[in-house]
Amino acid sequence: MLDPARLRSDLDAVVARLADRGYSFPTAAFLALEQARKDVQVRTQDLQTRRNALSKAIGQARGKGEDTDALMAEVAGLGDQTRALEGELDRIKGELEALLLGVPNLPQAGVPQGRSADDNVEVRRVGTPTVFDFAAKDHADLGVGTGLVDFEAGVKVAGARFTVLKGAIARLHRAIAQFMLDVHTAEHSYTEVYVPYLVNADSMRGTGQLPKFEDDLFKVPRGAGDPPLYLIPTAEVPVTNLVRDAIVAADTLPLKFVCHSPCFRSEAGSYGRDTRGMIRQHQFDKVELVQIVAPDASDAALEALTAHAETILQRLELPYRTVVLCTGDMGFSAARTYDIEVWLPGQGAYREISSCSNFEAFQARRMQARFRNAAGKPELVHTLNGSGLAVGRTLVAIVENHQRADGSIAIPAALRPYMGGIDVIPAT
RNA sequence: GGGAGGAUGGCGGAGCGGUCGAACGCACCGGUCUUGAAAACCGGCAGGGGCUCGCGUCCCUCGUGGGUUCGAAUCCCACUCCUCCCGCCA
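In this report, we go over the structure that sits alongside the text.

## Describing helix α5 (residues 78–101)
- Here α5 contains 24 residues, and its C-alpha end-to-end distance of 34 Å stays within 8% of the 34 Å for a straight helix at 1.5 Å per residue.
- Against the buried residues of α5 lie α1 (4–9), α3 (27–63), α4 (69–75), α9 (201–207) and α12 (362–367).

This is the structure we're talking about:
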């Protein structure tokens, strides 16, 4: 959520910056609501003041044994009037909040101007696209070729966009996650956390998935009277919400968490896209990096977090590039985002394998996540997160980049300790 | 699932329906004292919001939501969560 004070004091600049990312701020509706809010709030508070003063006077008079009939007559009806106006104020504030919850974050200064992914700017490229002296296959063919990736079983058990892994490929999947966790905890000093995979609506609202993107989520209804839960689309949600409604001590910052979890996405609206293979699944694993930092530290933290994610690709000998997303391609809650794209020979393209963002105070304001600053006053923290990395897509990248002419797959050296020492997954 | 108790500021913990946003203690901050520190003493110290150039001032918040009342931390109802006991399951 944007800072309401800034919206009031600097509306034109905010509207202009939102337009840069293709969002049209409902200025007229906002101004009308804001005017109504101000008007009703002042009247409400005025009534409350009078009611409180008279009530207090009644108490004092009673204490002295004086007659209170005159005061009682004066206050008669004030309570009802006040309650009516309070209800009106609540309604207006609710509308205002609903409006603001639908407004995306402001891009940082320096984020390139653009409308789509075509306008993203490459900031570095590491390694070179893998070349083969044989006809390379994509991961779907390779996986089926090993007999260890079973797309049909996934469809039978659950449906489209679900996949079953077996044997050495299932182990490779596990090895990738273990490796990432070990690197981030041991070398990058993140604290590993295990969290719920079903969360409540407050958590989804805190990180920005609700109210606007409910269609992207799997919603789990419960018994009558119990509110629904939601399957997490990323560990970002439960992990970042650890600091919701909290005031943390300044000396505990930065908080750095790493979390391996499954992620569930409805993929509504992506029909027909990436239907082949396991690039886009309803369920996939991800190792997520989350940082909670002081505001003045968030820019540097984004660079560091992105580098932590890139380390994994380097260790796995995978070529990649890092791009900064343009204003028009950024996610709803982000102020600045780097996407890390791994080279996929099967597609002959770089494909997203990690997205690292600084949300500044956008999520913190929704969550009321604060720290006690040097002045001793609560102040909103900044939140960041990034994939470090998506496990399923890393599996795809390894299979495709480390394939051999006979259809077997070489295991990168970094993963062999996690694979019981084997260095190749043979084709059947 | 059954029963009992509880929820108050960063923490602990008081609070006959009326000067209670809340005693007291701890923690924290500032000061006096001290070579420095500790101790002692003095003072400060919840969050959010409105109006105001500012000094200020007003409103809301004692788990959440309703209700009673001129007035609710305090009374009533519902809900949530926590603790303990019994049962059940892992």
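## Notes on the packing of aromatic side chains
- With the rule as written, the count across this model stands at seven aromatic pairs.
- With a centroid separation of 5.1 Å and 55° between ring planes, the pair formed by F132 and F134 is classed as tilted.
- The exposure class assigned to F132 is partly exposed, which follows from its relative accessible area of 22%.
- Feature note: the residues F213, F332 and F362 constitute an aromatic cluster, connected by ring pairs.
- The ring of Y190 carries K256 above its face, with NZ or CZ at 4.8 Å from the centroid.

## Remarks on the protein's contact with RNA strand B
- In the vicinity of RNA strand B, 22 residues are found, and the nearest of them are R8, K38, Q48, S55 and R62.
- The contact atoms of RNA strand B, taken as those within 4 Å of the protein, divide so that sugar and phosphate hold 62%.
- Residue R51 places a side-chain N or O atom 3.3 Å away from a phosphate oxygen belonging to RNA strand B.
- In the model, a phosphate oxygen of RNA strand B is placed 3.3 Å from a nitrogen or oxygen of the N52 side chain.
- Of all the secondary structure elements, the ones that give two or more residues to the surface near RNA strand B are α3, α4 and β14 (370–372).
- When residues in the surface near RNA strand B are grouped by element, the largest group, 14 residues, is from α3.
- Of the residues belonging to the surface near RNA strand B, the class tally is five nonpolar, eight polar and nine charged.

## A look at the environment of L89
- Mapped onto the elements, L89 comes out in helix α5.
- Sequence separation between L89 and S354 is 265 residues; the distance between their C-alpha atoms is 44 Å.
- Look past the residues within four positions of L89 in its chain and what remains in contact with it is R37, V40, Q41 and T44.

## Some details on the sheet that holds strand β8 (residues 247–249)
- What the three strands build is an open sheet, ordered β8-β14-β15; its pairing is mixed. What marks the edges here is a single partner per strand, and that holds for β8 and β15 (378–380). On average, adjacent strands in this sheet sit at an angle of 40° to one another, irrespective of strand direction.
- Bridge analysis of β14 against β15 gives three bridges, and the strand direction is antiparallel. Counted as the bridge partner of R372 is P378 from β15.

The rules behind these values
Residues numbered from 1 in each chain as written. Chains lettered and ligands numbered in written order. Predicted model: local features only at pLDDT ≥ 70, side-chain atom pairs only at ≥ 80, totals over all residues. Heavy atoms only, no water. Helix = DSSP H or I, 4+ residues; strand = E, 2+ residues; numbered from the N terminus. Expected span 1.5 Å × (residues − 1). Contact = heavy atoms within 4.5 Å. Phe/Tyr/Trp six-rings, centres within 6.5 Å; stacked < 30°, edge-to-face > 60°. Buried < 20%, exposed > 50% of the residue type's maximum accessible area, 1.4 Å probe, protein only. Lys NZ or Arg CZ within 6 Å of the ring centre and 35° of its normal. Near = heavy atom within 4 Å. Polar contact = N/O pair within 3.5 Å; in protein donor to acceptor, adjacent residues only side chain to side chain. Nonpolar A, V, L, I, M, F, W, Y, C, P; charged D, E, K, R; others polar. Pairing = 2+ DSSP bridges. Axes fitted to C-alpha atoms, helices over the stretch in contact; angles between N-to-C directions.

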